[in-house]
Amino acid sequence: MASSLSGLFSSSLKPSKTLSVKALSAPPTRGGDSFSFPHTSKPTHLPLTLSASRSDISHTDAATAAKKELIKDPDALWERYLDWLYQEKDLGLYLDVSRVGFTDEFVVDMEHRFKSAFKAMDELEKGSIANPDEGRMVGHYWLRNSSLVPKPTLKTLIENTLDSICSFADDIIAGKIKPPSSPRFTQILSVGIGGSALGPQFVAEALAPDNPPLKIRFIDNTDPAGIDHQIAQLGPELASTLVIVISKSGGTPETRNGLLEVQKAFREAGLNFAKQGVAITQENSLLDNTARIEGWLARFPMYDWVGGRTSVMSAVGLLPAALQGIDIREMLAGAAIMDEATRTTWLKNNPAALLAMCWYWASDGVGSKDMVILPYKDSLLLFSRYLQQLVMESLGKEFDLDGNTVNQGLTVYGNKGSTDQHAYIQQLREGVHNFFATFIEVLRDRPPGHDWELEPGVTCGDYLFGMLQGTRSALYANGRESISVTIEEVTPRSVGAIIALYERAVGLYASLVNINAYHQPGVEAGKKAAAEVLALQKRVLSVLNEASCKDPVEPLTLDEIADRCHAPEEIEMIYKIIAHMSANDRVLIAEGSCGSPRSVKVYLGECNVDDMYA
Ligand SMILES: O=P(O)(O)OC[C@H]1O[C@H](O)[C@H](O)[C@@H](O)[C@@H]1O
């Protein structure tokens with residue numbers, strides 16, 4: 001029995017809305033009648049009925065063969081463009097997958113995978129334990145539509161938190177809530193890392209006005225010099241800085257260190273940190289309890305059913321955004337519209353499914369090619385960094401849901417166009433073919449009335465447009481595939497929509513490759529290893545302290561230190577620890593022993609008797 005794409009429209013997974021299916025108007029002949037751009041009406045697609053049945057298709061052969069034969073005929077390309085073009089009219093967002101060479105056979109071949117992906121996503125939104133490794137629900141979609149939550153108490157929590165974020169931000173901006181020694185807050189210092197930084201950073205770069213009510217800066221690492229730089233740049237404005245400490249777990253070492261360093265700066269400036277501190281964390285976390293006990297200005301909740309990399313639509317992203325004067329309800333609205341658009345099981349009308357399908361095709365479902373993200377808009381510079389965590393921390397997994405070793409993933413990199421054309425796009429155009437590109441196109445160059453022709457009939461934005469289209473064509477001409485996501489302009493609504501688009505695409509793709517997208521076991525391993533290095537460092541210091549308290553001081557060789565730490569196998573790490581501490585004047589090298597690491601002798605500058613028996 002001939003299989004067909006109609007399987008993706010099966011009654012068991014009814015599209016979330018009955019779509020009036022009408023034949024897409026015949027694509028205009030080139031140079032034919034004037035063509036109103038498709039965004040004036042949502043194109044609908046007739047289900048493709050294909051003769052080939054899935055059983056007699058060898059995916060690999062067909063796909064491999066097809067990969068070599070990207071379409072060259074412009075008329076055929078134009079028809080493919082129109083046939084697969086997706087557009088969400090309310091958002092002014094559309095998706096072009098025509099420059100990805102998936103075949104009709106491949107689409108049919110993927111039908112069964114998509115059916116289970118759609119089913120799993122539907123159950124996820126209904127509150128299933130979609131993160132089985134941590135036994136958690138996955139509820140970031142509920143943040144944009146609280147009526148979806150499986151428990152009424154969560155609906156109230158989500159709505160009340162949003163209201164409190166908005167009123168707190170309004171009061172801060174209006175000066176109703178102000179610091180002890182300034183007329184109003186003027187700065188935000190966000191302390192957080194990973195998903196507790198990347199979302200707020202992307203949103204700030206994309207949407208903050210030129211002169212925001214509060215200007216934001218970030219401490220997103222445990223680099224002392226980086227922390228010093230941010231505090232130095234604040235200078236006396238530390239007194240009017242709202243410090244937002246963000247940590248879902250409430251115990252991330254880098255964030256804790258940032259907090260302690262900032263509190264030290266407040267003490268040295270004679271400021272009361274609690275009056276300027278806000279915590280965003282899970283209830284009863286170490287951070288939450290610290291903020292409560294110390295009486296910080298405010299605390300906002302995070303939930304165990306929202307992952308760090310999908311938390312930007314929670315207080316994590318919404319509070320910093322609101323304080324910068326960004327319309328967070330518009331962000332949520334854009335995400336909600338995209339969430340609804342990506343609920344359909346109608347493949348061609350589901351932009352997230354289209355993305356997931358393209359990723360699978362382009363990277364063979366095993367991450368064989370990297371995803372290069374190229375927004376041709378300065379304000380979207382951090383989108384690729386944001387997607388690095390969202391995509392790679394979700395998909396980069398050792399095991400699949402059945403416990404098989406798969407080492408899955410999809411590598412993401414990129415910055416912005418046309419800037420990157422003057423950096424690495426040479427390799428993309430002619431070099432190793434190990435990627436597929438994603439162009440993010442923004443049609444609106446400048447606010448209305450602000451444009452200017454730098455030569456007759458040509459604006460700066462025309463160049464940017466031309467560079468994008470030229471690069472897309474040049475890559476395709478050399479067999480390099482690309483996806484294009486187009487938005488009309490960068491607004492809270494469109495930013496909310498593209499975040500939601502990629503969150504859903506990652507979730508669907510994870511189902512296609514049968515992995516849990518919502519945990520991060522590898523990160524825990526890294527945290528554990530770091531803790532072991534610090535524990536070894538403490539033992540080294542204790543051994544050196546004991547030797548340094550002798551009279552005369554007894555400088556020790558690396559071998560002697562390793563021996564006294566009962567860790568001879570760690571001698572290289574001990575050498576690295578000594579090197580780092582020596583560079584920071586925390587250990588001294590004995591005269592005449594500056595030769596090879598084997599002969600170097602070290603000691604501490606002073607003996608700390610209290611630590612002698614630590
Ligand atoms: O928000 P926190 O609990 O401090 O976690 C910050 C980050 O820590 C780890 O790296 C996790 O893998 C990330 O997903 C998380 O965003």
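Residues numbered from 1 in each chain as written. Predicted model: local features only at pLDDT ≥ 70, side-chain atom pairs only at ≥ 80, totals over all residues. Heavy atoms only, no water.

Identification of the chain as Glucose-6-phosphate isomerase from Brassica oleracea var. oleracea is taken from an unreviewed UniProt entry. Reading the Catalytic activity (unreviewed entry) entry of the UniProt record for the chain gives the comment "alpha-D-glucose 6-phosphate = beta-D-fructose 6-phosphate". Checking UniProt for the chain, the heading Sequence similarities (unreviewed entry) contains the comment "Belongs to the GPI family." (UniProt positions renumbered as here; feature names shortened; annotations may be inferred.)

## Comments concerning the overall build of the chain
Along the backbone of the chain there are 19 helices and 16 strands. Out of the 614 residues belonging to the chain, those deemed buried represent 49%. Of all intrachain contacts in the chain linking residues separated by at least 6 positions in sequence, the fraction that spans at least 24 positions is 74%. When the accessible surface of the chain is split by element, carbon and sulfur atoms take 52% of a total near 27,700 Å². (Helix = DSSP H or I, 4+ residues; strand = E, 2+ residues; numbered from the N terminus. Buried < 20%, exposed > 50% of the residue type's maximum accessible area, 1.4 Å probe, protein only. Contact = heavy atoms within 4.5 Å. Areas by Shrake-Rupley, 256 points an atom, 1.4 Å probe, with all protein chains shown as cover.)

## Considering the sheet that holds strand β3 (residues 187–191)
Spatially, β4-β3-β5-β6-β7 is the arrangement adopted by the 5 strands of the open sheet, whose pairing is parallel. Edge strands, defined here as strands with exactly one partner in the open sheet, are β4 (215–219) and β7 (298–302). Across the sheet, the mean angle separating the axes of adjacent strands is 20 degrees when strand polarity is ignored. The pairing of strand β5 (residues 241–247) with strand β6 (residues 277–282) spans 5 bridges and is parallel. Within the sheet, the bridge partner assigned to I246 lies in β6 and is I280. Lying over the sheet, helix α9 (residues 286–294) contacts β5, β6 and β7, oriented at roughly 145 degrees with respect to β6. (Pairing = 2+ DSSP bridges. Axes fitted to C-alpha atoms, helices over the stretch in contact; angles between N-to-C directions.)

## Things to note about the site of the ligand
Residues in contact with the ligand amount to 14 residues; listed here are only the nearest, G195, S196, S249, T252 and E393. Within the side chain of S196, a nitrogen or oxygen atom sits 2.6 Å from an oxygen atom of the ligand. Residue K248 places a main-chain N or O atom 2.8 Å away from an oxygen atom belonging to the ligand. Relative to its unbound accessible area of 390 Å², the ligand is 88% covered by the protein chains. When atom positions are compared with the pocket grids, the ligand is found to occupy the largest pocket. Across the shell around the ligand, the residue classes tally to 2 nonpolar, 9 polar and 3 charged. (Near = heavy atom within 4 Å. Polar contact = N/O pair within 3.5 Å; in protein donor to acceptor, adjacent residues only side chain to side chain. 1 Å grid on protein atoms, 1.4 Å probe; cavity = no way out; pocket = protein on both sides within 12 Å on 5 of 7 lines; lining within 4 Å. Sits in = over half its atoms within 2 Å of the grid points. Nonpolar A, V, L, I, M, F, W, Y, C, P; charged D, E, K, R; others polar.)

## Let's talk about the layout of surface pockets
Of the pockets and cavities examined, the largest pocket occupies roughly 850 Å³. Along its surface, the largest pocket is lined by 37 residues, and S249, T252, V523, E524 and K527 are the ones closest to its centre. Taken together, the elements giving at least two residues each to the lining of the largest pocket come down to β5, α8 (253–268), α13 (383–395) and α17 (521–548). Sorting elements by how many residues they give to the lining of the largest pocket places α17 first, with 6 residues. A per-class count over the lining of the largest pocket returns 12 nonpolar, 16 polar and 9 charged. The computed volume of the second largest pocket comes to approximately 630 Å³. (Points joined across faces, edges and corners; volume = space filled by probe spheres on them.)

## Side note on the pairing of strand β8 (residues 370–375)
Burial analysis of β8 places 6 of its 6 residues in the buried class, the great majority of the element. Neither face of β8 is open: one carries D370, V372 and L374, the other M371, I373 and P375, and all of them are buried. Inspection of the sheet shows β8 paired to strand β9 (residues 412–413) by 2 bridges, in the parallel sense. Residue M371 lies in a different strand from β9, and its bridge partner there is V412. After leaving β8, the chain enters α13 and then returns to the sheet as β9, a path that is right-handed. (Right-handed = clockwise from strand over helix to strand, strands pointing away.)

## Comments concerning the environment of D288
Within the secondary structure, D288 is located in helix α9. Of the residues examined, D288 reaches a relative accessible area of 5% and is grouped as buried. Separated by 12 residues in the primary sequence, D288 and F300 have C-alpha atoms spaced 8.9 Å apart. Beyond its immediate sequence surroundings of up to four residues, D288 is in contact with T281, Q282, E283 and R299. Of note is the side chain of D288, whose polar atom sits 2.8 Å from the side chain of R299.

## Quick notes on helix α5 (residues 152–174)
The end-to-end C-alpha distance of α5 is 33 Å, a good match for the 33 Å that 23 residues give at a rise of 1.5 Å each. Listed in full, the buried residues belonging to α5 are L154, I158, T161, L162, I165, C166, F168, A169 and I172. The secondary structure elements touched by the buried residues of α5 are β5, β6, β7, α10 (315–323) and α11 (328–341). Positive phi appears at G175, one or two residues downstream of α5, with a value of about 85 degrees. (Expected span 1.5 Å × (residues − 1).)

## Section: a nonpolar patch on the surface
Together, W452, L454 and Y463 make up an exposed nonpolar region whose accessible area comes to about 330 Å². Its place among the elements puts W452 in the loop between β10 (435–442) and β11 (453–455). Accessibility expressed as a relative area gives 56% for W452, which makes it exposed. (Patch = residues over 30% accessible without salt bridge, like charges linked within 9 Å, V, L, I, M, F, W, Y side chains within 5 Å. Salt bridge = Lys/Arg side-chain N within 4 Å of Asp/Glu carboxyl O.)

## Concerning unusual backbone geometry
Between G417 and the following residue, S418, the backbone shows a cis peptide bond with an omega angle of 5 degrees. A cis amide bond links D551 with the next residue in sequence, P552, at an omega value of 5 degrees. Relative to the assigned elements, P552 resides in the loop between α17 and β14 (556–557). One non-glycine residue with positive phi stands out, namely N514, at about 60 degrees. Mapping N514 onto the fold places it in the loop between α16 (492–512) and α17.

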